[in-house]
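Coordinates in review
Here is how the chains run, residue by residue.
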Amino acid sequence: MGILEKIAEIESEMNRTQKNKATEYHLGLLKGKLAKLRAELIEPKSSGPKGDGFDVKRSGDARVALIGFPSVGKSTLLSTITETEAAVSNIDFTTLQATPGRWEYNGAIIQMLDLPGIIEGAAQGVGRGRQVVSTARTADLILMMLDATKSHMQRPLLEKELEAVGIRLNKKKPNIYFKVKTGGGISYNATCKQSQLTEKFVYTLLHQYRIFNAEVLVREDVGLEDFIDVVVGNRIYIPCLYAYNKIDAITIEEVDRIAREDHTIVVSIEKDMNMDAFKESIWRSLDLLQVYTKRHSEYPDFSDGLILRTGATVEEACRAVHKSLLDTFKYALVWGKSAKHNPQRVGLSHPLCNEDVIEIVRK
């Protein structure tokens, strides 16, 4: 029996099993088996060519992957906000390869990646779907394009395909310390009360994965699937923005209902409706910050700032300018929201905020 048949058999058993407190443990073990098989599907053990993803060189400060069913407006969006001429048509599957585009916003260069439309069963390789979702794993943000005029099942179907290949949308990595050891058996500790996870489940799941020596420390209340994700280890946690296109074709009441959903923006690309808010939503979802530099006794250079990740420190700002700055770094002067007073003398570990101004003093 192949991997796909085994996956189908386990999914069938899970669908037949009633979900309640008594079956929670059994379902958790089934999910563990399912995660193991899907991990083998993503990363086959054979030494032959994997064929993962599309060969698109990463460029710019961030990468946004456009994911969606065929004919939802991905190529239209790419042609609108970038200088890329993407193939646009009402015919399904117009885009057959990953098409990159360059978009400049708030001083940042963002690579927009238009991926071919995916269909149900993409995670198992239907319609080149495995290449699409594998490329999505390399993105800093997934922009899920949805058609506001079609079924509301688009969103859960796409989420299911992405979750099947280990992509977790708008979730944080569980606060669990897990380390496989060479001896000593399994050590399990939790610093807080667990509503679902039990010591019995931890031992059984690890034995199922043929792990007999490990240390597990759970620092927050987690679900069974969260622990499975940590054990499997190939999960990617990526922010996702849900963009509902073609809102000009539905009622205002329907637009209002959709717009109130979490991580959602409504737009009509062809009619240029809500495009400014759309671009700002992409920027906020990327969680980037802009830091300006200045020389001693000179005004800051506000024309060309450094683009960093939220939570970046002075050390990362030095690396962004040139890594050799770390060898001669003495201290830095910072003006802005992160400073207690202007200027504040700080070290390499000082966290920066958006639109801070930094002056690096060398030895």
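Residues numbered from 1 in each chain as written. Predicted model: local features only at pLDDT ≥ 70, side-chain atom pairs only at ≥ 80, totals over all residues. Heavy atoms only, no water.

Along the chain, the regular secondary structure elements total ten helices and 16 strands. Expressed as a percentage of the 363 residues in the chain, the buried residues total 46%. (Helix = DSSP H or I, 4+ residues; strand = E, 2+ residues; numbered from the N terminus. Buried < 20%, exposed > 50% of the residue type's maximum accessible area, 1.4 Å probe, protein only.)

A few words on the nonpolar core. Note on soluble globular proteins: their nonpolar side chains tend to be buried together. If you look at the biggest cluster of nonpolar residues, it comprises 56 residues, and the most contacted ones within it are Val-64, Leu-77, Met-112, Ile-142, Leu-143, Phe-278 and Ile-282. Looking at this core, the element that brings in the most residues is strand E4 (residues 141-147), giving six residues. Among the nonpolar cores identified, the runner-up in size contains 23 residues, and Ala-35, Tyr-188, Leu-197 and Leu-205 belong to it. (Core = buried A, V, L, I, M, F, W, Y, C linked by side-chain atoms within 4.5 Å.)

This part takes up the sheet that holds strand E6 (residues 176-180). Pairing within the open sheet is mixed, and its three strands lie in the order E6-E8-E7. Sheet topology places E6 and strand E7 (186-190) at the edges, where each strand pairs with a single neighbour. On average, each strand axis in the sheet is inclined to that of its neighbour by 5°, with strand direction left out of account. Helix-sheet contacts for helix H6 (residues 199-208) involve E6, E7 and strand E8 (214-218), and the interaxial angle to E7 is about 145°. Across the sheet, helix H7 (residues 224-232) lies against E6 and E8, angled at about 40° from E6, the strand it touches most. (Pairing = 2+ DSSP bridges. Axes fitted to C-alpha atoms, helices over the stretch in contact; angles between N-to-C directions. Contact = heavy atoms within 4.5 Å.)

For the rest of this paragraph, the subject is the sheet that holds strand E15 (residues 344-346). Strand order in this open sheet of five strands is E13-E12-E16-E14-E15, and the pairing throughout is mixed. Of all strands in the sheet, those with a lone pairing partner are strand E13 (306-309) and E15, marking the two edges. When the angles between neighbouring strand axes are averaged without regard to direction, this sheet yields 35°. Pairing analysis gives six bridges linking strand E14 (residues 329-335) to strand E16 (residues 357-362), with the strands arranged antiparallel. Of the residues in E16, the one forming a bridge with Phe-329 is Arg-362. Across the face of the sheet, helix H10 (residues 314-321) comes into contact with strand E12 (288-293), E13, E14, E15 and E16 while running at roughly 135° to E13.

At the junction of Asn-342 and Pro-343, the peptide bond is cis and its omega measures out at -10° in the coordinates. Backbone geometry places Ser-71, a non-glycine residue, at a positive phi of 60°. Inspection of the secondary structure puts Ser-71 in the loop between strand E1 (62-68) and helix H3 (74-81). A relative accessible area of 23% means that Ser-71 is categorised as partly exposed. One non-glycine residue, Glu-355, adopts positive backbone phi at about 70°.

Once that is clear, we can look at H6. Restricting attention to buried positions, one finds in H6 the residues Phe-201, Val-202, Leu-205 and Leu-206. With its buried residues spanning 120° around the axis, H6 presents them on a single face. (Arc of directions from axis to C-beta.)

Before going further, it helps to spend a moment on the pattern of salt bridges. Tallied over the entire structure, the rule returns 15 salt bridges. The residue Asp-140 makes a salt bridge to Arg-58 at a minimum N-O spacing of 2.3 Å. With Asp-140 in the loop between helix H4 (129-136) and E4 and Arg-58 in the loop between helix H2 (24-42) and E1, this pair connects stretches of sequence that are 82 residues apart. Classification of Asp-140 by relative accessible area gives buried; the value is 18%. The residue Lys-181 makes a salt bridge to Glu-215 at a minimum N-O spacing of 3.0 Å. Taken together, the residues span a long stretch of sequence, with Lys-181 in the loop between E6 and E7 and Glu-215 in strand E8 at a distance of 34 residues. For Glu-215, a relative accessible area of 26% puts it in the partly exposed group. (Salt bridge = Lys/Arg side-chain N within 4 Å of Asp/Glu carboxyl O.)

Let us look at the environment of Arg-38. Position of Arg-38 among the secondary structure elements: in helix H2. The class for Arg-38 is buried, based on a relative accessible area of 17%. With 194 residues separating them along the chain, Arg-38 and Val-232 place their C-alpha atoms 9.9 Å apart. Once residues lying within four places of it in the same chain are set aside, the contact partners of Arg-38 are Ile-7, Glu-11 and Ala-164.

Bringing the side chain of His-350 into the picture now. Mapped onto the secondary structure, His-350 falls in the loop between E15 and E16. On the accessibility criterion, His-350 (11% relative accessible area) is buried.

Attention now goes to the side chain of Ser-281. With respect to the helices and strands, Ser-281 occurs in helix H9 (residues 275-286). The class of Ser-281 is buried, set by a relative accessible area of 8%. Excluding its chain neighbours within four sequence positions, the residues that come into contact with Ser-281 are Leu-241 and Ile-265.

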